[in-house]
Amino acid sequence: MTQPKPNAPDADPSPQPARTPNDPDAAPSPQPTRRRAPSMSPEARRAMIVHVTLPLVAEYGAAVKTSQIAAAAGIGEATIFRVFKDKDELLEACIAEALRPDNVVEAIRAIPLEISLHERLHEAAAAMEAHMDRMGRVLGAMHASGFRSGPRNRSDASGQPHQRDDTSGQPHQRDDTSGQPHQRGDASGQPRERGGRVAGIAATRAALAELFAPEQPALRLPADQLAGVLLDLLFARSRRPDAGSEPICVASLIELFLHGAFDQAKPPAEFQGGA
């Protein structure tokens, strides 16, 4: 009977050493499959980036880094510059979004007319307050960091052209192919931001006027005029210069707007309820 040779592979009873990941002969371990982000249209991607950037702008102003924006959005920095020419354009889009009244107009129009007028106006004022608070924080942070919306040839506090940065540290081109500073405006020559702001206030005023419709027969003034007065009061409340004093609360402001300065339970003798 033939005996197995001592050096034959099946004759060696000793166990083989386990291969380690550092063993050059070891088979490569499978790499986890990286899932790609779902495809988005350029418009949807722009909107997503602006939505993510707004709270960062409210905190850091124009000093926000594109690396911070990319990290918050879960995208690469290069993706930002596929839909925005430079950081200036993104910041301009953030300002436009902060000023855009669409959300507050929708919120006002969603208020049910079945509740009391006082409740309707209180909800509308709360929506306006949230909108103006976001607008104020964004614009205030941008102003404090030296950013000026409009023409691209801005200057910072030092008087030097305001440079925007990406992670390369290089400023992006500001001028168009004509070599002239890029101006933003409409055909009338008026700044586009001002025209949009006027239209936004008009849309907000119209939405507020709708809240007065059920009570129109009992109102002293047309609903549109009352909506304008209420808007003025809300804007004045948000821009009070005497910041050291406590501002009137929204509920008290609505009460004052609807019923006047006199306490109806104890009016002065000469008060007859107004003309």
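Structure: see above.
A brief structural summary.

What counts, and where the lines are drawn
- Residues numbered from 1 in each chain as written.
- Predicted model: local features only at pLDDT ≥ 70, side-chain atom pairs only at ≥ 80, totals over all residues.
- Heavy atoms only, no water.
- Helix = DSSP H or I, 4+ residues; strand = E, 2+ residues; numbered from the N terminus.
- Buried < 20%, exposed > 50% of the residue type's maximum accessible area, 1.4 Å probe, protein only.
- Contact = heavy atoms within 4.5 Å.
- Expected span 1.5 Å × (residues − 1).
- Salt bridge = Lys/Arg side-chain N within 4 Å of Asp/Glu carboxyl O.
- Arc of directions from axis to C-beta.
- Axes fitted to C-alpha atoms, helices over the stretch in contact; angles between N-to-C directions.
- Left-handed = near helix turned anticlockwise from the far one by under 90°.
- Phe/Tyr/Trp six-rings, centres within 6.5 Å; stacked < 30°, edge-to-face > 60°.

## Remarks on the overall build of the protein chain
Phase 1 of the analysis: Looking only at helices and strands, the protein chain has 9 helices and 0 strands in total.
Phase 2 of the analysis: Helices and strands in the protein chain line up, N terminus first, as α-α-α-α-α-α-α-α-α.
Phase 3 of the analysis: Here the protein chain, with 275 residues, has 29% of them falling under the buried criterion.
Phase 4 of the analysis: Sequence-distant contacts in the protein chain: of pairs separated by 6 or more residues, those separated by 24 or more amount to 62%.

## Focus on helix H8 (residues 223-238)
Since the α-helix packs 3.6 residues into each turn, any two residues three or four apart lie on the same face.
Phase 1 of the analysis: Taking 1.5 Å per residue, 16 residues should reach 22 Å; H8 reaches 23 Å between its end C-alpha atoms and fits that length.
Phase 2 of the analysis: Listed in full, the buried residues belonging to H8 are Ala223, Leu226, Ala227, Gly228, Leu230, Leu231, Leu234 and Phe235.

## Examining the pattern of salt bridges
Phase 1 of the analysis: On inspection of all chains with the given rule, the structure shows 8 salt bridges.
Phase 2 of the analysis: Across the salt bridge formed by Arg120 and Glu215, the nearest N and O atoms sit 2.9 Å from each other. With Arg120 in helix H6 (residues 117-144) and Glu215 in the loop between helix H7 (192-211) and H8, this residue pair connects regions lying 95 residues apart in the sequence.
Phase 3 of the analysis: For Arg120, a relative accessible area of 2% translates into the label buried.
Phase 4 of the analysis: The partner of Asp133 in a salt bridge is Arg137, with the nearest N and O atoms 3.1 Å apart.

## Observations regarding helix H2 (residues 66-73)
Phase 1 of the analysis: Where H2 is concerned, the buried positions are Thr66, Ile69, Ala70 and Ala73. Looking straight down H2, one finds its buried side chains confined to an arc of 95 degrees; they lie on one side.
Phase 2 of the analysis: Of the surrounding elements, those touching the buried residues of H2 are helix H1 (42-60), helix H3 (77-83) and helix H4 (87-99).

## Structural notes on the packing of H8 against helix H9 (residues 250-259)
Phase 1 of the analysis: Running from N to C, H8 and H9 cross one another at 145 degrees; their axes reach a closest spacing of 11 Å. Like other packed secondary-structure pairs, H8 and H9 cross with a definite hand, here right-handed. For the pair H8 and H9, contact is made by Leu226, Val229, Leu230, Leu233, Leu234 and Arg237 and by Val250, Leu253, Ile254 and Phe257, respectively.

## Considering the packing of aromatic side chains
Phase 1 of the analysis: Applying the stated criterion across every chain, the model contains 1 aromatic pair.
Phase 2 of the analysis: On the numbers, 6.2 Å between centres and 65 degrees between planes, the contact of Phe212 with Phe257 is edge-to-face. Here Phe257 lies in helix H9 and Phe212 lies in the loop between H7 and H8, a separation of 45 residues in the sequence.

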